[in-house]
Amino acid sequence: MKSHPKIKVPATKWEKFLNILSVIILICSIVYVVQAYNSLPEQVPTHFNAKGQADAWGNKATVLLMPAIALVSFIIMYFVTKAPHTFNYMVKVTEENAPRLYALARTFMAAINFEMVVIFSYIAWAMVQSANSGTGLGVSFIFFVIIVPIATIISFMIKMNRVK
């Protein structure tokens, strides 16, 4: 394995924006779940089928897992993003193109991290809503979880392929 040039690349405006937005959503998700916790029934939905309907139930404490997983994942991804020279790239990384590739890679990771935070926060919200009203995630959730990350990956792959 060839090592990529190790250079410091500042965060892009988009990376900063996505990280700030992720933190705001994380805080809102944690506050929402903590505030809703006491009003939840003892059993809450813990799994949803492809139609977005609850099909498994568990202790209400499982609702706390979604923001916790989102928070831990966000922190890990945030710090991994700081070392773009360790990533795999589809194009050859040179001293000349490394700053552009690394900036794109960091923005890509911030976008994926943001999408992950949104997904886990939405699941936490849906678990609370479903526990209180019997509603589910909805079929559109499957679309969002599959299509949006794939579109993000393809978009950044195209952008990185254009960097020479």
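Residues numbered from 1 in each chain as written. Predicted model: local features only at pLDDT ≥ 70, side-chain atom pairs only at ≥ 80, totals over all residues. Heavy atoms only, no water.

### Considering the overall build of the protein
Secondary structure assignment for the protein yields four helices and two strands. Scanning the protein from its N terminus toward the C terminus, one meets helices and strands in the order α-β-β-α-α-α. Residues counted as buried form 38% of the 164 residues belonging to the protein. Across the protein, contacts joining residues at least 24 apart in sequence account for 74% of those joining residues at least 6 apart. When the accessible surface of the protein is summed, it comes to about 9,500 Å², and 69% of that surface belongs to carbon and sulfur atoms. Charged side chains of the protein number 14 positive and 6 negative; the gap between the two group centres comes to 9 Å. (Helix = DSSP H or I, 4+ residues; strand = E, 2+ residues; numbered from the N terminus. Buried < 20%, exposed > 50% of the residue type's maximum accessible area, 1.4 Å probe, protein only. Contact = heavy atoms within 4.5 Å. Areas by Shrake-Rupley, 256 points an atom, 1.4 Å probe, with all protein chains shown as cover. Lys, Arg positive; Asp, Glu negative; His and termini not counted. Charge placed at Lys NZ, Arg CZ, Asp CG, Glu CD.)

### Section: the nonpolar core
Inside soluble globular proteins, nonpolar side chains tend to come together where they are buried. Y89, V93, L101, Y102 and M160 are the most contacted members of the largest nonpolar core, which has 20 residues in total. Put simply, the parts of the chain that give this core at least two residues each are α3 (98–133) and α4 (140–161). Considering every element that reaches this core, the biggest residue donor is α3, with eleven residues. Excluding its chain neighbours within four sequence positions, the residues that come into contact with M160 are Y89, V91, L101, L104 and A105. Judged by nonpolar contacts, the second largest core, of 16 residues, contains I123, A124, A126 and L137. (Core = buried A, V, L, I, M, F, W, Y, C linked by side-chain atoms within 4.5 Å.)

### Concerning a nonpolar patch on the surface
A cluster of nonpolar side chains, namely I142, F143, I146, I147, I150, I154 and I158, defines an oily patch on the protein surface of about 600 Å² accessible area. If you trace the backbone, I146 turns up in helix α4. (Patch = residues over 30% accessible without salt bridge, like charges linked within 9 Å, V, L, I, M, F, W, Y side chains within 5 Å. Salt bridge = Lys/Arg side-chain N within 4 Å of Asp/Glu carboxyl O.)

### Quick notes on the side chain of T152
Checked against the element boundaries, T152 lands in helix α4. Under the relative-accessibility criterion, T152 is labelled buried at 11%. Of the polar contacts made by the side chain of T152, one reaches the side chain of E115; its length is 2.4 Å. (Polar contact = N/O pair within 3.5 Å; in protein donor to acceptor, adjacent residues only side chain to side chain.)

### Comments concerning the packing of helix α2 (residues 65–80) against α3
Remark: α2 packs on α3, axes separated minimally by 9 Å, with the N-to-C direction vectors making an angle of 175°. Of the possible angle classes, the one that applies to α2 and α3 is roughly antiparallel. Judged by residue contacts, M66, P67, I69, A70, S73, F74, M77, Y78 and V80 of α2 engage M109, I112, N113, M116, V117, F120, I123, A124 and M127 from α3. For the contact of α2 with α3, the class distribution of residues is 16 nonpolar, two polar and no charged. (Axes fitted to C-alpha atoms, helices over the stretch in contact; angles between N-to-C directions. Parallel < 35°, antiparallel > 145°, perpendicular 65-115°, else oblique. Nonpolar A, V, L, I, M, F, W, Y, C, P; charged D, E, K, R; others polar.)

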